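Residue strings, one per chain:
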Amino acid sequence: YIGKKGFPPLRINAHGLKGGYAKITGSGTSQGISSLLLSAPLSDRGITIEVTGEPVSKAYVDITCDVMKAFGIPVERDGYRIFSVVGATRYQACTFAVEGDASSASYFWAAAAVTGGKATTINLDPFSTRQGDAGFLEILKAMGADVQTENSSVTVTGGDLKGLELDMSSMPDLVPTLAAVAVFARGTTLIRNVAHLRIKESDRLASIAMEWKKLGASVEEFQDGLRIEGGRPLHGATLDPHDDHRLAMSLAVVSLRVPDIEILNRDCVEKSFPGFWGLWDAC
């Protein structure tokens, strides 16, 4: 540890990757599983991964395995518990089509839903994609928005929105987007099973509750979720996204309906969506 023990920045002196057996929890994030899988073919003797507990964001593990297969590396697996990859192999070049990102598209889908407008995204087929966040379209539809799909395009049109009770464990990154929609929906939206959002770029549950309350929203925070009462009068405020790209973009959705909102540290969106504000303003 170059600075504080247990925290980055790190200095790593490596002499190749021997491989072997690794045990890792999947309860906080799937990223550790994906990183081990991706590096496993370059190890000397391969890597077997045992995942303890119930992993979150399973769709991202599936996407990792699919991409590895496309580049010539098969992954042997027993569900989401055991993964094995042969070592001393090489990825094979191929032509690979990269589809649109459902997480990024969600802010434009949400914008249409809350304003009664219409937004169309392309290069993302919700019927064939492995991206779990594409399931947000079904949530918007259940809340009252109109969702039309044709080939690889999706069109969302706003409607009379109502609150829902939702288990968001399969798409936790979209909880801030859902929270932005929920404040404009009739009734209560209950979001559960996302305790792991407390260890993202910010403690997203606490950050949402704090910033949404500044707008006048009724938000109750639980250990694993939120309760949001929609339809309350909202007012402008200066809001802090807590250096969290997903909060900043979700607050942009709220600002379409609530005047006089100032979002601080807007550049934090660069982590996942460079050029977001330019595209947002152009739409």
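So, here's what we can say about the structure. Predicted, not measured: the structure shown is a model, and the values here were computed from it.

1. Section: the packing of aromatic side chains
Here's step 1: Counted by the stated rule, this structure contains eight aromatic pairs.
Here's step 2: Taking 6.2 Å as the distance between ring centres and 55° as the angle between the ring planes, the aromatic pair formed by Phe108 and Phe273 counts as tilted. Of the two residues, Phe108 sits in helix α3 (residues 102-115) while Phe273 sits in the loop between β13 (262-263) and α8 (276-282), which places them 165 residues apart along the sequence.
Here's step 3: For Phe108, a relative accessible area of 13% gives the class buried.
Here's step 4: Feature note: the residues Tyr107, Phe108, Phe273, Phe276, Trp277 and Trp280 constitute an aromatic cluster, connected by ring pairs.
Here's step 5: The aromatic ring of Phe222 is capped on one face by Arg192, whose charged end is 4.7 Å from the ring centroid.

2. Some points on the nonpolar core
Here's step 1: Judged by nonpolar contacts, the single largest core of 67 residues is most densely connected at Trp109, Phe136, Val156, Met168, Trp212, Phe276 and Trp280.
Here's step 2: Listing elements by their share of this core, those giving two or more residues are α3, α4 (136-143), β7 (153-157), α5 (175-182), α6 (204-214), β11 (226-229), α7 (245-255) and α8.
Here's step 3: A total of ten residues in this core trace back to one element, the largest contributor, which is α3.
Here's step 4: Those residues in contact with Trp212, other than ones at most four positions away along the chain, are Pro176, Ala179, Ala180, Val183, Ala217, Val219, Ser250, Leu251 and Val254.
Here's step 5: Formed by 14 residues, the second largest nonpolar core is a distinct cluster that contains Ile47, Ile49, Val51 and Phe83.

Calculation rules
Residues numbered from 1 in each chain as written. Predicted model: local features only at pLDDT ≥ 70, side-chain atom pairs only at ≥ 80, totals over all residues. Heavy atoms only, no water. Phe/Tyr/Trp six-rings, centres within 6.5 Å; stacked < 30°, edge-to-face > 60°. Helix = DSSP H or I, 4+ residues; strand = E, 2+ residues; numbered from the N terminus. Buried < 20%, exposed > 50% of the residue type's maximum accessible area, 1.4 Å probe, protein only. Lys NZ or Arg CZ within 6 Å of the ring centre and 35° of its normal. Core = buried A, V, L, I, M, F, W, Y, C linked by side-chain atoms within 4.5 Å. Contact = heavy atoms within 4.5 Å.

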